[in-house]
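Given next are the chains, with one letter for each unit.
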Amino acid sequence: MRTLVVSDLHLGARLQRDVLRRPDALEPLLEALEGADRLVLLGDVVELLEGRPAQAMQAAEPVLRALGEGLGGEREAILVPGNHDAALVRPWLQARGVPAAVDAEIPLDATPALARVASWLWPARVRVHYPGVHLSDRVWATHGHYLDRHLLPEVAFGIARGVLGRLPRDGATPADYEGGPSATRLEALLTRWLPHPLARLADDAAELVRATTMPGVHRLLLHRRLAPFTASLLGTQMRRAAIPALARVVHRLGVEADLVVFGHVHRRGPLADDDPARWRGADGRLRIVNTGAWTYEPLLLHNAAPPHPYWPGGAVVLDDDGEPQAMGLLDHLDAAALSGGGRPSRRAAATPRPAR
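Trainee: Whenever I open this one, the packing of helix α2 (residues 53-71) against helix α4 (residues 112-120) confuses me. Can you help?
Mentor: Relative orientation and spacing of two packed helices are given, respectively, by the angle between their axes and the distance between those axes. Where α2 contacts α4, the two axes come as close as 8 Å, and the packing angle between them is 30 degrees. Between α2 and α4, the residues in contact are Met57, Ala60, Glu61, Leu64 and Arg65 and Ala113, Arg116, Val117 and Trp120, respectively. The residue makeup of the contact of α2 with α4, split by class, is six nonpolar, no polar and three charged.

Now the structure itself:
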C-alpha cells in the first residue's frame, strides 16, 4: 500500500497564502494521488482558527471535492484535524470527553462542519481520527500541535505553569494536551481583524515564532531580505526544539511506533542535506518525518527558489516495503505561480543552496 500524506493546507486563509486555491498548485497534487492507495490529510486542512468559517469553507470546498474525485470510490481519505481546524471535532470532544486512545475514530457527523468536509471528499471512503492515526502497526501520524506544550525547558515550566497549564507527564492521555491558552489563536485573531498590511506583518511574525520554537525573536529577522538566514535559523531551531518535543509527546502518550509523521511546523524533512540523527528520538529508535506545508511564506521564501525545506507543496510518501520519502510536489513552480502574480524568484545559474 502506498500512502500520500499532506498537511497544513490552510485552505481559506485570509491573506490567501494557501497555494491550493491556484490551479497550477492543485494539479500536481491530483497527479500524485494517481499513484497512491490512500490520502492522509494531516491537519490544518481548513483555516478555521481565524474565525471566518464561512469564507474558509467556501474556499476549501472546490479543493476537497477535487481530491475526493481524484481518489474515486475505491480509495480512502483519512482526516486528522490539527489546531487550525480543531473546530471540526472540538464541540464533539467537549460534549463527550476526549478519548484516551491516540488514534480514536471520530464519527463523520460529529459536527456539521465535519459532515460537510467529509461529504466534499466523496466518493472516496472517508475516516476521521484524532489526535492521530496508526497507518500501520508501527507508523503513527499526527498533526503535531501537542508538541507546543513541551517547547519550554522543563526547569522553566513551573514559572509558566499558571499560563500554560500542567505539563503532561508519563502516562498522559490526549486530554492532558487539550485546551489552555494558545499563541496560535492570538495569531489567528490578529490576522482576522487587522488591516491587510498589518495582518501580513502579524502573520510573518507568527510564522517566525511558530517555526523557530524560540521564546523570543529579534525584530531584524522580520525583514524579508534576510529570508535565507531566517529560514536556516528556523530549520536549526526546529530540529533542536520541535523534534525532541514531538518525541516527548510520543513517549508520554505511550505511542508504540517506530516512525512518526507530523506537520505543524511547516518544515519538510528529512531532506538529502539533513543529518538523519537529528530526525530521531532520544533513544535513536524513533524516526520522525515532517510533511512540510502548502502555504507560501514570503518571510522565509523571498527571492528563494526550490528545492527549499519551506517551499510549499510538501508531502510524505509511505510504502509498506520502503523508506518514507519527504518530497516537494511544487518544486517546479516559482514564486510568481505560488504567490498570486508576485515577482518571480531570482534563480542563479547554479541551484541555490537550500536552507536547513
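Trainee: Would you explain α4 in this entry?
Mentor: Along an α-helix, residues three or four apart share an orientation, since each turn contains 3.6 residues. Among the residues of α4, Leu114, Val117, Ala118 and Trp120 are the ones counted as buried. Mapping the buried residues of α4 onto a view down its axis gives an arc of 160 degrees, with all of them on the same face. Those residues of α4 hidden inside the fold are in contact with α2, β3 (76-79) and β5 (125-136).

Trainee: So what exactly am I meant to see when it comes to the pattern of salt bridges here?
Mentor: Side chains that differ in charge, positive against negative, can pair when their charged atoms come close. Enumeration over the complete set of coordinates arrives at 14 salt bridges. Among the salt bridges present, the one from Arg21 reaches Asp18, with a minimum N-O distance of 3.0 Å. Its relative accessible area of 1% is what places Asp18 among the buried residues. Three or more residues are tied together by salt bridges with common partners; here these are Arg138, Glu256, Asp258, Asp283 and Arg285.

Trainee: Please explain the packing of helix α1 (residues 23-33) against α2 as it appears in this structure.
Mentor: Following both chains from N to C, one finds α1 and α2 inclined at 25 degrees, their axes separated by 9 Å at the closest point. By the angle between their axes, α1 is roughly parallel relative to α2. For α1 against α2, the interelement crossing comes out right-handed. For the pair α1 and α2, contact is made by Leu26, Leu29, Leu30 and Leu33 and by Val63, Ala66, Leu67, Gly70 and Leu71, respectively. A per-class count over the contact of α1 with α2 returns eight nonpolar, one polar and no charged.

Trainee: Got a minute to help me understand the side chain of Glu178 in this structure?
Mentor: Mapping Glu178 onto the fold places it in the loop between α5 (154-164) and α6 (183-193). Of the buried charged residues, Glu178 lacks a salt bridge, with Arg90 as the closest side chain of opposite charge at 4.4 Å. Among the polar contacts listed, one links the side chain of Glu178 to the side chain of Tyr146, at a separation of 2.4 Å. Not counting the four nearest positions on each side in its chain, Glu178 is found in contact with Arg90, Val98, Tyr130 and Tyr146.

Criteria and thresholds
- Residues numbered from 1 in each chain as written.
- Predicted model: local features only at pLDDT ≥ 70, side-chain atom pairs only at ≥ 80, totals over all residues.
- Heavy atoms only, no water.
- Axes fitted to C-alpha atoms, helices over the stretch in contact; angles between N-to-C directions.
- Helix = DSSP H or I, 4+ residues; strand = E, 2+ residues; numbered from the N terminus.
- Contact = heavy atoms within 4.5 Å.
- Nonpolar A, V, L, I, M, F, W, Y, C, P; charged D, E, K, R; others polar.
- Buried < 20%, exposed > 50% of the residue type's maximum accessible area, 1.4 Å probe, protein only.
- Arc of directions from axis to C-beta.
- Salt bridge = Lys/Arg side-chain N within 4 Å of Asp/Glu carboxyl O.
- Parallel < 35°, antiparallel > 145°, perpendicular 65-115°, else oblique.
- Left-handed = near helix turned anticlockwise from the far one by under 90°.
- Lys, Arg positive; Asp, Glu negative; His and termini not counted.
- Polar contact = N/O pair within 3.5 Å; in protein donor to acceptor, adjacent residues only side chain to side chain.

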